[in-house]
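Fold and contact review
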Amino acid sequence: MRPQWLCRARRFGTRSAAVVATSALALALPFPADSAVLTDRPVSYVDPLIGSSNGGNTYPGATLPYGMVAWSPTSTTGDQTSTGAANGYQYDTTRIRGLSLTHVNGAGCNPGAAGDVPIMPFVGDVTSSPSADIRDAVYAADFTHAEEKAVPGRYTLGLKSGATADLAVSERAGVADFTFPSGSPANLLFRVSNSLNGSEDAHVEIDTAHRKVTGWVLTGAFCGRRANGGTNNRKSYYKLYFSASFDRAFSSVGTWKDGTLSAGSTAASGGEGYATGADRAGRGSGGYVGFDTSSDNDVHMRVGISYVSLDGAEDNLRGEIAPHASVAEVADAGARAWDRELSTVRVGGGSSAQRTTFYTALYHSLMQPNLISDRDGRYYGMDGAVHRLARGQQAQYSNFSGWDQYRAQIQLLALLKPKIAGDFAQSLYNFAQQNNGVWDRWVHISGATHVMTGDPSAATLATFYAMGVRNFDYEGAFDSLVRQATVPHPDGLSDAGCPGQCVGQRPNLAQYLTSHYAAQDVCHCWGGAAETLEDAGADSALANWATLLGRDQEAAVFTERGAYWGNVFNPAATADAGYIQARRLDGSWVTPFTPGSDLGFAQGTSATYTWMVPQDVQGLATAMGGRDEAAARLDGFFHKADGSWSVRGGDPLRYDPTNEPGIHAPWLYNALGQPWKTQETVREIIDTVYGTGPSGLPGNDDLGTMSAWYVFSALGLYPQTPGSASMLLGAPLFPSAVVDRPGGTDITISAPGADATHPYIDAVRVNGRPAQRSWTGAGLTTKGGTLTFRLAEQPNIRWATDPADLPQ
């Protein structure tokens, strides 16, 4: 059965003369004036709990834009070696064993990464080793969401034990007020070894004379518990130092190691290892400090952290938070910092719920990258040495979920915060230089984790350059990425970590350069078809970068390589249609094959990956039999046979909003000459997949990627392809928006008719001139300008459909 809205489009087609006449008249009519008032304090609309359920894997704790500190709960479901979800927090898990100083936003591995140094307010006497409490039955506490409050830069939690925690942070430090029931035993547990993935070693020291607790944890192991390659990644690659000071003396102290508690002791060491369950249970070290609550039940703590040294942690604290600053004062400063950051995009109109969804998405998008350099410019490198920032670089950043971020979050960062984007680009290049020239696809702190597939660094830095970012060594970075893409590395023949964390960043490159595709049987990668598509996309981005640099020879080579995707498109994959399909070294297709199979792919099926050719949509359409045939197939990707929408995921043959390979697919209609379908499809996803509340994200936020998709889509823009500054046009959700371009002309978006009943574009003006293209060139994003939309209740099926004006 033909989808219902296709029938509606066909009805429009029978009245083509009327449509043409209406369209011509529309261009002549004046655009309505925009009277929507721009949001004044965007921070007031942010709800950090959005995405904390439904697999969004966000965390609600206190953090600042790009901050090093992310102070948030570590949950427990009764296993001290695990949590209720990835990254330490899941809305439906209402028991915690500490408030940890570091977190990662939306990473998909359970339990993700970081969660370093959980600090637990405990009501009661410490009579046994907390590490021996393997079920978190004693040294943990329940809470209700009625006693929880999360706002940008501040987190407050009341526990059923009667203790409360009120936390606020700067970039590298934080303050807390812990309140205990009067007259009850009151302790703070420093579980130094209990990072989310465990630890190799840890240390705590208690200085009673100076009312301080200091220490460190040696850890890493991002995704170290995965069945796919996890053993390969159970390794340490950073040490986090902390220094905590208090406003009052300790009434008791003690430490523990493994199952032994040592009351009165002031130092302990010992890690947990990186195993899970019984193989790790009962191991670890920590310390506790007690307080007399008979006359004062409030404890004020200040804490600084560093990845370089204890001195660095204390300097970060001194430099960022005044000696007697209260939680409220630090929180107010944090709210102002978030307001400045979020005000880079100001929207007007829309409902309160829409503004909450939008600004929370922007908040999650701008949480990362994350600082790893201290205030004095020192940072711990990928080579295990301490480095200092070179002249011109303001900070060293990390946490690069490349496979995810290069599709949307990177573009948003480049658009809104080009200076930070440049420092991030330089940071990744610094890491590569420290890693023998290898650019890792998923970098956590100072570690190369190898997670996912492809070469997203090439796409990322090419995008930064295309979008006008210049404050990094772009010539050196380009040359380095070209070497990675052209010179085989020994790791490319290793299966270590495969399939999820293969160490080769351009696996079996020699075979790829010979066969022009990654052969499934010898690729040493997650999936040969996925690897081919990823590398073709990365190479196309390098070609665009080379062109901008005037490097014509490299541009020609990588342009040709950008078309290698065609070597894994089998036109006879099924009796009815062609699909992307994995191939063997001898050229034969891997069988058996069905479009819903994930053989040869990474976290997706052929039905999804077949659309992952954003750099050559016209070529893909030709391979499918033409634009009309491709558009009809795309219709089936978003709709069930009865015409109803299928955009929530769970169907291997259709759109999956929870993962990255297909998130650009709704925008492909623009290149297929049917942009009104992009407008309708994007609006359906915005309205039904995203929203407010803990389940407001469709899946892993993946360091802001899913959130960035929403931000762009709500603005009526979306990146056309990695390595480019061009934007595809859709229907804005808000009547008005202003996108700040630091140091340049803003991008002003006006769509006065935007509401629930006007999801279609009737006409567009770019810088005041009528536009008949569903995309903009680089000028809008690199120079600024105005976009004016007239929206309609029904699709204008003539606008932006001329084959000569379609995006590539």
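Just so you know, these numbers come straight off a predicted model, no measurement behind them.

**As for the pairing of strand β9 (residues 186–190)**
Counting buried positions along β9 yields five of five residues, so the element is predominantly enclosed. A two-sided burial pattern is seen for β9, the buried positions comprising Ala186, Leu188 and Phe190 on one face and Asn187 and Leu189 on the other. In this structure, strand β4 (residues 119–123) lies alongside β9, joined through five bridges in antiparallel fashion. Its bridge partner being in β9, Phe122 is matched across the sheet by Asn187. Sheet topology places β9 next to strand β16 (residues 285–291); five bridges connect them, and they run antiparallel. Bridge pairing in β16 links Phe190 to Gly287.

**A word on the state of the cysteines**
On inspection of all chains with the given rule, the structure shows three disulfides. Through a disulfide, Cys109 is tied to Cys223; the S-S separation comes to 1.6 Å. Looking along the S-S bond of the Cys109-Cys223 disulfide, the torsion reads about 60 degrees, which is the right-handed sense. In this pair, Cys109 sits in the loop between β3 (95–100) and β4 while Cys223 sits in the loop between β11 (212–220) and β12 (236–246), placing the two residues 114 residues apart along the sequence. Accessibility expressed as a relative area gives 2% for Cys223, which makes it buried.

**Structural notes on the pattern of salt bridges**
Within the structure shown, the criterion is met by 25 salt bridges. Across the pair Asp376 and Arg378 runs a salt bridge whose closest N-O atoms are separated by 3.0 Å. Taking the relative accessible area as the measure of exposure, Arg378 reaches 22% and is therefore partly exposed. Residues joined in a network through salt bridges with shared partners are Asp455, Arg506, Asp535, Asp539 and Arg561.

**Thoughts on the environment of Ala62**
Here Ala62 lies in strand β1 (residues 62–63). Through-space distance from the C-alpha of Ala62 to that of Tyr155 is 5.3 Å; in sequence the pair is 93 residues apart. Non-local contacts of Ala62, meaning those with residues more than four positions away in its chain, are made with Val69, Ala70, Trp71, Gly153, Arg154, Tyr155, Leu167, Ala168 and Val169.

**Some remarks on the sheet that holds strand β25 (residues 447–448)**
On the basis of which strands lie adjacent, the open sheet formed by three strands has the order β23-β24-β25 and antiparallel pairing. In the strand order of this sheet, the two ends are held by β23 (400–401) and β25, each with one partner. Pairing between β23 and strand β24 (residues 442–444): two bridges, direction antiparallel. Bridge pairing links Ser401 to Trp442 in β24.

**Here we look at helix α13 (residues 552–561)**
Within the sequence span of α13, burial applies to Ala555, Phe558 and Arg561. Projected down its long axis, α13 shows its buried positions confined to an angular sector of 130 degrees, all on one face. Among the exposed residues of α13, those oriented more than 90 degrees off its buried face are Asp552, Gln553 and Thr559. On its buried face, α13 sits against α10 (474–486), α11 (509–515) and α12 (528–549).

**A closer look at empty space enclosed by the protein**
One pass over the structure, following the stated rule, counts ten cavities of 30 Å³ or more. Looking at the largest cavity, its volume works out to about 170 Å³. In this structure, the largest cavity is lined by 16 residues; those nearest its centre are Tyr406, Arg407, Pro614, His664 and Pro722. Those elements that place two or more of their residues in the lining of the largest cavity are α12 and β28 (717–719). Looking at which element gives the most residues to the lining of the largest cavity, the answer is α12, with four residues.

Thresholds applied
Residues numbered from 1 in each chain as written. Predicted model: local features only at pLDDT ≥ 70, side-chain atom pairs only at ≥ 80, totals over all residues. Heavy atoms only, no water. Buried < 20%, exposed > 50% of the residue type's maximum accessible area, 1.4 Å probe, protein only. Helix = DSSP H or I, 4+ residues; strand = E, 2+ residues; numbered from the N terminus. Pairing = 2+ DSSP bridges. Disulfide = S-S within 2.5 Å. Salt bridge = Lys/Arg side-chain N within 4 Å of Asp/Glu carboxyl O. Contact = heavy atoms within 4.5 Å. Arc of directions from axis to C-beta. 1 Å grid on protein atoms, 1.4 Å probe; cavity = no way out; pocket = protein on both sides within 12 Å on 5 of 7 lines; lining within 4 Å. Points joined across faces, edges and corners; volume = space filled by probe spheres on them.

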